[in-house]
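# An overview of the molecular structure
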Amino acid sequence: METNHTQSDRIIQMNFTDPHDIKDVLFVCSGWNEEGVANQVKRFESQGYPYVAPFIDRNHHETVNMNRMIDMAAERGMRYAHLVDYDVEYRYTETVPAMYDYIKNRPDVGAVHPWMQGEDADPTAEPYDFYLQDGTSLLLRLDINGWLPQFDEEFLFTGWSDLDLGENIHHHGALIMNDKRYPVKHDLGNTRRRSQCSFLMANERRNRLILSLKWFVVGITKWRGVNEYNKTVPRIKQVPSMYELATYTDDELETWWRSIWPEHPQIWRKDGELDPVDNWETPVIGGRNIREMWEQGWRPT
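Scope of this entry: the structure provided in the associated data block. (Residues numbered from 1 in each chain as written. Predicted model: local features only at pLDDT ≥ 70, side-chain atom pairs only at ≥ 80, totals over all residues. Heavy atoms only, no water.)

What follows covers the sheet that holds strand β1 (residues 25–31). Judged by pairing direction, the sheet is mixed, and its 7 strands sit side by side in the order β2-β1-β3-β7-β5-β8-β6 without closing on themselves. Two strands bound the open sheet, and with one partner strand each, they are β2 (52–56) and β6 (128–129). Inspection of the sheet shows β1 paired to strand β3 (residues 80–85) by 6 bridges, in the parallel sense. Counterpart to S30 in the pairing with β3 is D85. Against the sheet, helix α3 (residues 62–75) contacts β1, β2, β3 and β7 (138–141), and its axis sits at roughly 155° relative to β2. Against the sheet, helix α4 (residues 95–104) touches β1, β3, β5 (109–114), β7 and β8 (175–179), its axis set at about 160° to β5. (Pairing = 2+ DSSP bridges. Helix = DSSP H or I, 4+ residues; strand = E, 2+ residues; numbered from the N terminus. Contact = heavy atoms within 4.5 Å. Axes fitted to C-alpha atoms, helices over the stretch in contact; angles between N-to-C directions.)

The next point concerns the pairing of β7. The alternating pattern of β7 places L138 and L140 on one face and L139 and R141 on the opposite face, and all of these are buried. Relative to β7, β3 runs antiparallel, the two being bridged by 4 bridges. By the bridge assignment for β7, A81 is matched with L140. Where β5 and β7 come together, 2 bridges link them in antiparallel fashion. By the bridge assignment, V112 is partnered in β7 with L139. (Buried < 20%, exposed > 50% of the residue type's maximum accessible area, 1.4 Å probe, protein only.)

One can find D179 in strand β8. With a relative accessible area of 2%, D179 lands in the buried category. Distance from D179 to F216, taken between C-alpha atoms, is 26 Å for residues 37 residues apart in sequence. Among all residues touching D179, those that are not within four sequence positions of it are M99, V112, H113, P114, W115 and P127.

The next thing to look at is unusual backbone geometry. Only a minority of non-glycine residues have a phi that is not negative, and only a minority of peptide bonds are not trans. Phi at N145 takes a positive value of approximately 50°, unusual for a residue other than glycine. Within the element layout of this structure, N145 appears in the loop between β7 and α5 (161–171). Even without glycine at this site, F157 takes up a positive phi of about 55°. Relative to the elements of secondary structure, F157 occurs in the loop between β7 and α5. Under the relative-accessibility criterion, F157 is labelled buried at 19%.

Structure representation (structure tokens):
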């Protein structure tokens, strides 16, 4: 793979572990496009990585599939899993060796995540602790203080489950490092766009709602799942099931998903602001549209 490195960058590259010697990482290349997955597998194998496996995502149920991929790596005795989407371009061959050497030498780090918008390499940049913004090309430690990382399968289809995983990594006492040294590029144009389907968009925003409730409203120590939460709140604040959402009309689905703010809860909290989703009600069955009220200046008293 061609790179745009200077001579000094290539000297840095020589200090990384050779791909042939990275024998405790399982690369799991996933996606619904069989040809794309096969091509991604071949790319890593051609670079010398010894353990690369395909995973065809037939049901597009992200959390179940991710857990199967993690379990696959653990069952093979690996210490780490590299979760690879088929439509991610690795512009720099140093990306994985750099992340690998970092996490291997830092037992306090649970995951390393590269920048993912095709930015130019910055080999001298220091990885920094942050919340997990996205699970693209995540290098994940499989034993975090005795915990095998798992995605929460109450998060349906796609969206927000990776950010939930990040909160759980921090909860179990490990750091998440954002790494801008050798970014990847995620070609979102090749993914199934949930914005084209109101039902998938509704489930994506349902996940956003669960994320806020679980970590910031109820709190992780008291959270017992969606069903138990729904028993404690009035109807207008209950989280609908996938099956309930399936009964909504297209207009109701759009009204529902648009009522939930799309930004990560941490974006609000890091600036010391309230997260509007904390006060959410469903406008579909008589609740207030908190998002619209918020945009008009309303705040809880």
